[in-house]
Amino acid sequence: MGDYVVVLEAPIIVRDVETSEDAINVAVSKVAKALNKEKLDFVRVEIGYSQCPVCGAHFESAFVIGSVGLVGMYLTIKVYNAQTIEHAERIAKAVIGKALKKVPLKVYEIRELTEEEEGNGLELDG
C-alpha cells in the first residue's frame, strides 16, 4: 500500500467573460463550488500554465474568444493506501470526477507522498 499525490489537469469552460482574468475567477469559483458541494475541500485548485511554442515563456492557461473562456486547471489530491500508482490514479479520477461531471480529467503528475506532505487527503479502508 502506498500514499500518493495525484495532480489532474481539467479544462474548464466558462461563458460571458470578457478577459482571461474574468475567466480564471469564474472557473476557480465554479470548480470550488462543485468540490465544496461534494465535501472535497481538501482538493487543491490551481491555474494551469502553458508554454509559448515560439519563445518558451510560461503564461496562465486561460483563453477567451467571443465571451467564452477556456481555463486549464490543476487539481491536486492526496490518496492514501492505494495498491499501485494506477490505483491511485483511478481513485483520484473517481473522487474528483464525481464533483466535476462531464469534465475530462487527465493525469498531469503522480508521485509518492513525502512525510512533509502528509495530512488532509483521501484514505481508503480496506
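Owing to the predicted nature of the structure, the values given are computational and were not obtained by experimental measurement. (Residues numbered from 1 in each chain as written. Predicted model: local features only at pLDDT ≥ 70, side-chain atom pairs only at ≥ 80, totals over all residues. Heavy atoms only, no water.)

Caption draft 1: Highlighting the overall build of the protein chain. When helices and strands are tallied, the protein chain shows two helices and eight strands. Taken from the N to the C terminus, the helices and strands of the protein chain come in the order β-α-β-β-β-β-β-α-β-β. Out of the 126 residues in the protein chain, the part that is buried amounts to 36%. On the protein chain, roughly 7,900 Å² of surface is accessible, and the fraction owed to carbon and sulfur atoms is 50%. Between the averaged position of the 14 positive side-chain charges in the protein chain and that of its 20 negative side-chain charges there is a distance of 10 Å. (Helix = DSSP H or I, 4+ residues; strand = E, 2+ residues; numbered from the N terminus. Buried < 20%, exposed > 50% of the residue type's maximum accessible area, 1.4 Å probe, protein only. Areas by Shrake-Rupley, 256 points an atom, 1.4 Å probe, with all protein chains shown as cover. Lys, Arg positive; Asp, Glu negative; His and termini not counted. Charge placed at Lys NZ, Arg CZ, Asp CG, Glu CD.)

Caption draft 2: Fine view of the pattern of salt bridges. The full count for this structure, using the stated rule, is four salt bridges. Among the salt bridges present, the one from Lys 98 reaches Glu 38, with a minimum N-O distance of 3.8 Å. Of the two residues, Lys 98 sits in helix α2 (residues 85-99) while Glu 38 sits in the loop between α1 (20-37) and β2 (44-47), which places them 60 residues apart along the sequence. By relative accessible area, Glu 38 is classed as partly exposed at 27%. (Salt bridge = Lys/Arg side-chain N within 4 Å of Asp/Glu carboxyl O.)

Caption draft 3: View of the packing of aromatic side chains. By the definition in use, this model includes two aromatic pairs. Ring centres of Phe 59 and Phe 63 lie 6.1 Å apart, and the angle between their planes is 85 degrees; on these two criteria the pair is classed as edge-to-face. With a centroid separation of 4.5 Å and an interplanar angle of 35 degrees, the aromatic rings of Tyr 74 and Tyr 108 are classed as tilted. In this pair, Tyr 74 sits in strand β6 (residues 68-82) while Tyr 108 sits in strand β7 (residues 106-112), placing the two residues 34 residues apart along the sequence. By relative accessible area, Tyr 74 is classed as buried at 12%. By relative accessible area, Tyr 108 is classed as partly exposed at 47%. (Phe/Tyr/Trp six-rings, centres within 6.5 Å; stacked < 30°, edge-to-face > 60°.)

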